[in-house]
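Chain and residue survey
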Amino acid sequence: MRELTCIVCPNSCTITVDGDQITGNLCNKGRDFAISETTNPTRTITSTVVTTFDSCPALSVRTDKEIAFDKIFALIDLLKKVKVTKRVKIGDIVLANVFNSGVNVIATKNIE
Ligand code: SF4
């Protein structure tokens, strides 16, 4: 048996997973979350990367999709090595298809 806190919405339901039995979720999104969390947990990652621009020495970024939990620390290490040398806008890809996962890291800030 495993107890989870659903992070899909602010209700933060406590969900219990016991074999095929899933209880405590107020909606189906919680059920989907519980199944994903117990079989293939994923997260959206937010971070910053260094740039060469004095006006924006640190650029905020995030993954455009969720990435497998076991890739998170490798991604954070990879982001420490990234240096942005071109001006980017919100949504531009900073790092494409990380670890061949289909997940991109995108800018969440403009470099003016
Ligand atoms: S189970 Fe549904 S209502 Fe409850 S926290 Fe998750 S998404 Fe929100």
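Predicted model only: the values in this text are computed from it and were never measured. (Residues numbered from 1 in each chain as written. Predicted model: local features only at pLDDT ≥ 70, side-chain atom pairs only at ≥ 80, totals over all residues.)

Looking now at unusual backbone geometry. Of note in the backbone geometry, Phe99 takes a positive phi value of approximately 55° without being a glycine. Residue class for Phe99 comes out exposed when judged on the 12 C-beta atoms lying within 10 Å of it. (Buried ≥ 20, exposed ≤ 12 C-beta atoms within 10 Å, placed from the backbone.)

What follows is about the domain arrangement of the protein chain. Per the domain assignment, the segments making up the protein chain are domain 1 (2-39) and domain 2 (46-107). Here the C-alpha centroids of domain 1 and domain 2 sit 29 Å apart. (Domains from an automatic or database assignment.)

Turning our attention to the environment of Arg62. Note on placement: Arg62 falls in strand E6 (residues 58-63). In this structure, the C-alpha to C-alpha distance between Arg62 and Ile45, residues 17 residues apart in sequence, is 5.4 Å. Once residues lying within four places of it in the same chain are set aside, the contact partners of Arg62 are Thr44, Ile45, Thr46, Ile106 and Thr108. (Helix = DSSP H or I, 4+ residues; strand = E, 2+ residues; numbered from the N terminus. Contact = placed C-beta atoms within 7 Å.)

Judged by nonpolar contacts, Leu59, Val61, Val84, Val88, Val105 and Ala107 together constitute the single largest core of six residues. Where this core is concerned, the elements lending two or more residues are E6 and strand E10 (105-107). Apart from the residues lying within four places of it in its own chain, the contact partners of Val88 are Val94, Ala107 and Ile111. (Core = buried A, V, L, I, M, F, W, Y, C linked by C-beta atoms within 7 Å.)

An order of E8-E5-E6-E10-E9 is seen for the five strands of this open sheet, with the pairing classed as mixed. In the strand order of this sheet, the two ends are held by strand E8 (83-84) and strand E9 (93-95), each with one partner. For strand E5 (residues 46-51) and E6, the ladder comprises five bridges, and the chain directions are antiparallel. If you follow Thr46 over to E6, its bridge partner there is Arg62. (Pairing = 2+ DSSP bridges.)

In the region of the ligand, the neighbouring residues are Cys6, Val8, Cys9, Asn11, Ser12, Cys13, Asn25, Leu26, Cys27, Lys29, Gly30 and Phe33. Of the residues that constitute the shell around the ligand, the class distribution is seven nonpolar, four polar and one charged. (Near = placed C-beta within 6 Å. Nonpolar A, V, L, I, M, F, W, Y, C, P; charged D, E, K, R; others polar.)

Moving on: the pairing of E6. Residue alternation in E6 divides its side chains into a buried set, Leu59, Val61 and Thr63, and an unburied set, Ala58, Ser60 and Arg62. Between E5 and E6, which follow one another and run antiparallel, lie six residues. Sheet topology places E6 next to E10; three bridges connect them, and they run antiparallel. Its bridge partner lying in E10, Thr63 is registered against Val105.

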